[in-house]
Amino acid sequence: MFRFLVRRVLGAMVILLIISAVTFWLFYAIPRDPATMSCGKNCTPDMLAQVRHNLGIDHPVPVQYWDWLKGIFVGRDYAGFGHCDAPCLGYSFANREPVLGTIMDRLPLTLSLAFGAAVVFLIFGVGTGMLAALKQGKWQDKVASSASLLGSSLQIYFVGYIAMYFLVAKLGILDNPSYTPLTDDPVAWASGLLLPWLVLAIIFTANYTRMARSQLVEQLSEDYVRTARAKGLSRANVFFRFAWRGAMGPIVTVFGIDLGTLIGGAIITEYTFSLQGVGRLAVQSVDKSDLPMLLGVTLLSAGAIVFLNIIVDAVYALIDPRIRLA
């Protein structure tokens, strides 16, 4: 296990390095110049050169990338900002604030949104799939399958606006989406994010319902399950000890990918509910040609997906003894 984790972590670092290099290169393919945007309308050539120097973009692109990469490990000096301690992701071109600090300010909201929604859609999705598998062919199975088909065809912005109109504006059942730190007021934290959690649950639950049902139905038809039943084990014991354990692998894999995507920034969700999280920050950085902020958000998104996949692989081996991690 230790060798596996070390090898995967090293591989993840290489992947993140490649992603950062590609993002850096793609940024300079955009015709918009951040120095010109920061300098203003009455900018002179001398002022433009000074802005480029202050932003650290007055060197060739490979040198800029090396300086940025080195700053993550040893820090970096900026003419316009002073010293940036490691891990330094640079300063935003748009607001002149440290990139890491800005991301960390937005990250609690995105984490709250991601983990809260994940708990809801995992419980409802897997629970509904289990019910459909146990009641295969009956009305419960048909209702669950139809509901999952409907849910998979919906979009977050469509369901989100309808839910806000009826549940917030018309009926007043739920609070308007907002974010209050968990440590400040747990009740306000949950009530402000409950509507986004439910909307995300509607979208994601459908996938987990179909997956849990299909995996459990397949496992229940396996020979080892029928053998266990023939030996006199109860239906509940066979279901949870054998069939459920065999069906968990694909569910855990997809859950890790979905959770990593949500942590990386649920852009559409945050825009729909006017939440200032990492996803909204990513869009703003693209709109303002803010390379340091864009790189920081990109690394966060990619890192969340890559490292959660490592965790998923490790959990997969614990669930299924047939999997060996070398």
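Residues numbered from 1 in each chain as written. Predicted model: local features only at pLDDT ≥ 70, side-chain atom pairs only at ≥ 80, totals over all residues. Heavy atoms only, no water.

## Focus: the overall build of the protein
Working step 1: When you go through the protein residue by residue, the secondary structure sums to 13 helices and two strands.
Working step 2: When its C-alpha atoms are laid out on the principal axes, the protein stretches across 85 × 55 × 35 Å.
Working step 3: Taking the intrachain contacts of the protein between residues at least 6 apart in sequence as the baseline, contacts between residues at least 24 apart amount to 67%.
Working step 4: As presented, the protein carries roughly 17,300 Å² of accessible surface, and 66% of it is formed by carbon and sulfur atoms.
Working step 5: Looking at charge distribution, the protein has the averaged site of its 26 positive side-chain charges lying 14 Å from that of its 21 negative ones. (Helix = DSSP H or I, 4+ residues; strand = E, 2+ residues; numbered from the N terminus. Contact = heavy atoms within 4.5 Å. Areas by Shrake-Rupley, 256 points an atom, 1.4 Å probe, with all protein chains shown as cover. Lys, Arg positive; Asp, Glu negative; His and termini not counted. Charge placed at Lys NZ, Arg CZ, Asp CG, Glu CD.)

## Observations concerning a nonpolar patch on the surface
Working step 1: Together, Tyr157, Phe158, Tyr161, Ile162, Tyr165, Phe166, Leu171, Ile173, Ile267, Ile268 and Tyr271 make up a nonpolar patch on the protein surface, roughly 1,100 Å² of accessible area in all.
Working step 2: Counting residues per element, the ones that place at least two in the nonpolar patch are helix H7 (156-170) and helix H11 (267-272).
Working step 3: No other element matches H7, which puts six residues into the nonpolar patch.
Working step 4: On the secondary structure map, tyrosine 161 appears in helix H7. (Patch = residues over 30% accessible without salt bridge, like charges linked within 9 Å, V, L, I, M, F, W, Y side chains within 5 Å. Salt bridge = Lys/Arg side-chain N within 4 Å of Asp/Glu carboxyl O.)

## A short note on the packing of aromatic side chains
Working step 1: Per the stated rule, a full pass over the model turns up seven aromatic pairs.
Working step 2: Between tyrosine 65 and tryptophan 68 the ring centres are 6.0 Å apart and the planes differ by 25°, which places this aromatic pair in the stacked class. With tyrosine 65 and tryptophan 68 both in helix H4 (residues 61-74) and three residues apart, this pair spans about one turn of that helix. No difference in accessibility class separates tyrosine 65 from tryptophan 68, as the two residues are buried.
Working step 3: Ring centres of phenylalanine 121 and phenylalanine 255 lie 6.4 Å apart, and the angle between their planes is 65°; on these two criteria the pair is classed as edge-to-face. With phenylalanine 121 in helix H5 (residues 99-134) and phenylalanine 255 in helix H10 (residues 235-265), the pair connects residues that are 134 residues apart, well separated along the chain.
Working step 4: These aromatic residues form a ring-pair network of at least three members: Phe121, Phe204, Tyr208 and Phe255.
Working step 5: Here the guanidinium or amino end of arginine 280 rests over the ring plane of tyrosine 271, the centre of that ring lying 4.2 Å away. (Phe/Tyr/Trp six-rings, centres within 6.5 Å; stacked < 30°, edge-to-face > 60°. Buried < 20%, exposed > 50% of the residue type's maximum accessible area, 1.4 Å probe, protein only. Lys NZ or Arg CZ within 6 Å of the ring centre and 35° of its normal.)

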